[in-house]
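Chains, contacts and geometry: an overview
Below are the chains, spelled out letter by letter.
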Amino acid sequence: MNPKTSTEAQIAKGTELSGFSWLAEETGRTDPASQAWSLMHWLMISNKGRFMAINQEFDLAPQQAIALRILGAGPRPMGELARYLMCDSSNVTGITDRLEERGLVRRTLSDQDRRVKLLVLTDEGESLRKEITERLAEPPPWLSSLPEADQRKLKEILERAIAAIRQELGGG
């Protein structure tokens, strides 16, 4: 299921993709990196409706869905979750409260530092996280319809870009 929201349709209609519009065209940037970034940004924005629809289906705010995805890697201190979500720790308290009320996460004390509260997915939270992950992992039709060779090239290019980001951040 891939519902096209009215917002997504408006973005698609209002954003001309002739040449390299969106950010690069508006700013007069003509270098390939700016044009590629512009197109990637457009793809992210045009896919936002799909992401929001999936979250709505599970009665989750976007930050709650992202928190579930992050917690899938294991228990996390609330402060670390705040850094991942790029928000203040007080916001994480509200996000956590709502997830906890639904029985999706629980707070526990860290064995290493009893002052630190860790967030842990419950079985129900892990089940929901897996279901959301399955839905988000399904490529949109415009990507699936590309020839397999193009899909492979795109994947390889994006892997190199991610490796460069990790190198830049010192993560090797």
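The following paragraphs examine the structure supplied in this document. Quick caveat, the model's predicted, so the values are computed rather than measured.

**Here we look at the overall build of the chain**
- Each helix and strand in the chain was counted, giving nine helices and three strands.
- Along the chain, from the amino end to the carboxyl end, the secondary structure elements read α-α-α-α-β-α-α-β-β-α-α-α.
- Buried positions account for 28% of the 172 residues belonging to the chain.
- Taking contacts inside the chain between residues at least 6 apart in sequence as the whole, the part at least 24 apart equals 48%.
- Total accessible area on the chain is roughly 11,600 Å²; 54% of this is exposed by carbon and sulfur atoms.

**Regarding the pairing of strand β3 (residues 117–121)**
- Across the five residues of β3, four count as buried, placing the element largely inside the fold.
- Across two bridges, the pairing between strand β1 (residues 76–77) and β3 is antiparallel. The residue of β3 that forms the bridge with Arg76 is Leu119.
- Alignment of strand β2 (residues 105–109) against β3, held across five bridges, turns out to be antiparallel.

**Some points on the side chain of Ser38**
- Of note, Ser38 is situated in helix α3 (residues 32–57).
- With a relative accessible area of 0%, Ser38 lands in the buried category.
- Side-chain polar atoms of Ser38 contact the backbone nitrogen of Ala24, separated by 3.2 Å.

**Thoughts on the pattern of salt bridges**
- Tallied over the entire structure, the rule returns eight salt bridges.
- In this structure, Glu159 and Lys155 form a salt bridge, with 2.8 Å as the shortest nitrogen-oxygen distance. Taken together, the residues span about one helical turn, with Glu159 and Lys155 both in helix α9 (residues 148–168) at a distance of four residues.

**Side note on the sheet that holds β2**
- Strand order in this open sheet of three strands is β1-β3-β2, and the pairing throughout is antiparallel. Looking at which strands have only one partner, the edges of the open sheet turn out to be β1 and β2.
- Strands in contact with helix α6 (residues 89–101) are β2 and β3; relative to β2, the strand with the most contacts, it is inclined by about 120 degrees.

**What to know about unusual backbone geometry**
- One non-glycine residue with positive phi stands out, namely Asp59, at about 55 degrees.
- Here Asp59 is to be found in the loop between α3 and α4 (62–71).
- What makes Asp59 exposed here is its relative accessible area of 61%.
- Even without being glycine, Met86 reaches a positive phi, approximately 55 degrees.
- Along the chain, Met86 falls in the loop between α5 (78–85) and α6.

Cut-offs used in this document
- Sequence order as written defines residue numbering, which begins from 1 separately in each chain.
- Given that this is a predicted model, residues contribute local features only at a pLDDT of at least 70 and side-chain atom pairs are listed and counted only at 80 or more, while totals for whole chains, interfaces and linings are drawn from all residues.
- Side-chain metrics rest on all non-hydrogen atoms present in the structure, leaving aside hydrogens and water.
- Note on conventions: DSSP H or I runs of at least 4 residues are helices, E runs of at least 2 residues are strands, and numbering of each starts at the N terminus.
- In this scheme, a residue with accessible area under 20% of its type's maximum is buried, one over 50% is exposed, and one in between is partly exposed, where area comes from a 1.4 Å probe on protein chains only.
- Here, two residues are considered to be in contact whenever any of their heavy atoms come within 4.5 Å of each other.
- Every accessible area reported is derived by Shrake-Rupley at a probe size of 1.4 Å, with residue values counting cover from the shown protein chains alone.
- Strands are labelled as partners when DSSP assigns at least two bridges between them.
- Polar contact is defined as a pair of N or O atoms within 3.5 Å, subject to the rule that within protein one atom must be able to donate a hydrogen and the other to accept it, and that residues adjacent in sequence are counted only when both atoms are side-chain atoms.
- Note on definitions: salt bridges are taken to be side-chain nitrogens of Lys or Arg within 4 Å of carboxyl oxygens of Asp or Glu.
- The angle between two axes is taken between their N-to-C directions and runs from 0 to 180 degrees, where each axis is a line fitted to C-alpha atoms and a helix contributes only its stretch in contact.

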